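# Observations on the three-dimensional arrangement
Below are the chains, spelled out letter by letter.
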Amino acid sequence: MNPVAALPLLDVRVPDVYTRLDDISAHDFLESVRFPEAAHHLAFEVFSRSFFADPRGLSAAEMVLMFHIYFLGSSEGLLFDVPDEPFPAALWDPLAGYLEGHGAELRTGTSVEAVEPTGDGGFRVAAAGEERRYDTVVLALDTAGLRSVVAGSPRLADATWRARVAGLRTAPPFLVSRLWLDRPVAADRPGFLGTSGYGSLDNVSVLERWEGEAARWAARTGGSVVELHAYALPERASHDVEQSRLLEQLHRVYPETRAARVVDARHEWRADCPLFPVGGYGDRPTVRTTDPGLVVAGDLVRTDLPVALMERAATSGFLAANALLERWGVAGQTLWTVPDRGRGALLRGLARAGGTGGGRPRAPCRPRDGRRRTTSSLRRKAVGRAPRVPPLVTSPPGSPPVPTTPPPGTTPPPGSRQGTRGDAVGIDEAAPLHTDGITEARGDPPGDRMYGEHRLRASPAECARMPTEAVVERVRTLAAQWPGGSRHDDTAALATTRPTTDRGRLHPVDGHTARSRAAQDRTEEEGA
């Protein structure tokens, strides 16, 4: 496994994750991480395919966000909250009755052909051969439906918005097969099982475990009701062949079903899910449009909240309603989501220490001529503000003296020297750099005394001939021990050394960044 490449999973920030990872495919990101096989199957198959897409065509940002939502952004993890009866009985029919009771008219069997703005700020909606005027419009459609309505509405919003909608794509088709079996599956089978490595089979549901209608049928007949899902199937897949393959894979996953007879079956083929392609985030519609009376909702909508497909459809619906209610001065619905950044401060700090900032793996530096360039320069930005005094250098005993220019009144301690910014670092010498949080760490009774440059410069004698990593760790430890729990600023350290080979070039070496609890709290409060 490549831990550095996996660090973006620890500090996912919305919408920053799209800026950093939207132009990488889920497949390429997972390849760079090199997960162990079991974890790779979980991420590559179960999570990526839950977007109804091949991982090679799916934005890594969407997959990484899914990790955040279900694993690292929420203490609850992956839980399911499902109705205990079929959706029409449990949700849609009662909701329809509620709306009709408040005077709403539902026309579920009518296709909308066009939506045109009117001169008075309203909209004229054409459907089923007639037109009606409405004050506002919510376009809560799947990808194909939205493209169709917008294509028939040449004056809707503006040309740029319409062009982006026209470029939206639909994910490959998927299959849902529900089978009524004449005997039960094993009693210990879970209500839902995500699968990987079983051909096109992505998950299995044993519906009588949690749905009342299926449970009553199973109790009455002694059978089972199972549902099989297959995502991202080929565009021209044979329906009969794929349906048979799903049944074969069920027999592999639950061998006891081989002896069961299929009493009845229903197969649903659909291709109505949005595709989140590599680099496509910026072209997805947002809830608000250029027309304040026109809003968009659905799982294809771009939001700045950490939500997945079904959650995005519901959340964007509330956001759309809130946007319209603002026009009449009516308070909208308060929304709750998982945190919009990594939940654990320790994990966020680890991601930042790895240099990712919660973002994408860094590519090799390439100059304009396309050739790879090896650089030994040390950027001050990597360790914060540059030292305000000449650099501290650790020298092994017996090293030849190197001319230096120490600050007035400063005497380098034994085993160290102070060099000017133009001095070379000698063989086996280490030059640590640090942020001012190291020297400004406060501690010592009564807890307000800074650690200071003079204490830091007294330490190199014990660091002589230490590996550069050990020098860095020593610098950090000295500052960490000094505060004794008091508040202090960010601390970061990095060291360079001049090896005996490679023609004496300077090389940056691994540094480590630590953040105090107080600094973490301040960062969270500031929303940084």
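Described below are features of the structure shown in this document. (Residues numbered from 1 in each chain as written. Predicted model: local features only at pLDDT ≥ 70, side-chain atom pairs only at ≥ 80, totals over all residues. Heavy atoms only, no water.)

## Some details on the overall build of the protein chain
Summing up its helical and strand segments, the protein chain has 16 helices and 18 strands in all. Burial statistics for the protein chain: of 528 residues in total, 41% are counted as buried. The contacts of the protein chain with a sequence gap of at least 6 include a subset with a gap of at least 24, amounting to 67%. (Helix = DSSP H or I, 4+ residues; strand = E, 2+ residues; numbered from the N terminus. Buried < 20%, exposed > 50% of the residue type's maximum accessible area, 1.4 Å probe, protein only. Contact = heavy atoms within 4.5 Å.)

## Looking at the sheet that holds strand E1 (residues 112-117)
Spatial ordering of the open sheet is given by E1-E2-E3, a layout of 3 strands whose pairing is antiparallel. Either end of the sheet is taken by a strand with one partner, and the two such strands are E1 and strand E3 (130-134). Between one strand and the next, the sheet's axes are offset by a mean angle of 20°, whatever the strand orientation. Pairing between E1 and strand E2 (residues 123-127): 5 bridges, direction antiparallel. (Pairing = 2+ DSSP bridges. Axes fitted to C-alpha atoms, helices over the stretch in contact; angles between N-to-C directions.)

## Structural notes on the packing of aromatic side chains
For the structure shown, the criterion picks out 4 aromatic pairs. Look at Phe52 and Tyr231: their rings are 4.6 Å apart centre to centre, the planes differ by 65°, and that puts the pair in the edge-to-face class. Here Tyr231 lies in the loop between strand E8 (224-230) and helix H10 (239-253) and Phe52 lies in the loop between helix H4 (37-49) and helix H5 (60-72), a separation of 179 residues in the sequence. Each member of the pair, Phe52 as well as Tyr231, carries the same accessibility label: buried. With a centroid separation of 6.5 Å and 70° between ring planes, the pair formed by Phe174 and Tyr231 is classed as edge-to-face. Here Phe174 is found in strand E5 (residues 174-181), whereas its partner Tyr231 is found in the loop between E8 and H10, with 57 residues between them in sequence. Like Tyr231, Phe174 is buried. In this structure an aromatic cluster arises from ring pairing among Phe52, Phe174 and Tyr231. (Phe/Tyr/Trp six-rings, centres within 6.5 Å; stacked < 30°, edge-to-face > 60°.)

## A look at the nonpolar core
Considering soluble globular proteins, one finds that nonpolar side chains tend to be buried as a cluster. In this structure, Leu9, Val17, Leu21, Phe29, Phe52, Met63 and Val64 are the most contacted members of the largest nonpolar core, which totals 38 residues. Broken down by element, this core gets its largest block of residues, 9 residues, from H5. Judged by nonpolar contacts, the second largest core, of 22 residues, contains Leu139, Val149, Leu156 and Ala320. (Core = buried A, V, L, I, M, F, W, Y, C linked by side-chain atoms within 4.5 Å.)

## Structural notes on the packing of helix H7 (residues 143-151) against helix H8 (residues 159-166)
Viewed as axis vectors pointing N to C, H7 and H8 meet at an angle of 140°, and their least axial separation amounts to 9 Å. For H7 against H8, the interelement crossing comes out left-handed. On H8, the residues touching Leu146, Arg147 and Val150 of H7 are Trp161, Arg162, Val165 and Ala166. Split by residue class, the contact of H7 with H8 holds 5 nonpolar, no polar and 2 charged. (Left-handed = near helix turned anticlockwise from the far one by under 90°. Nonpolar A, V, L, I, M, F, W, Y, C, P; charged D, E, K, R; others polar.)

## Digging into the pattern of salt bridges
In total, this model carries 22 salt bridges according to the counting rule given. For the salt bridge of Arg133 with Asp135, the shortest nitrogen-to-oxygen distance reads 2.8 Å. Looking at Arg133, the relative accessible area reads 42%, which means it is partly exposed. The class of Asp135 is partly exposed, set by a relative accessible area of 46%. Each of Glu105, Arg107, Glu130 and Arg132 takes part in one network of salt bridges that share partners. (Salt bridge = Lys/Arg side-chain N within 4 Å of Asp/Glu carboxyl O.)

Just geometry here; none of it tells us what the structure is for.
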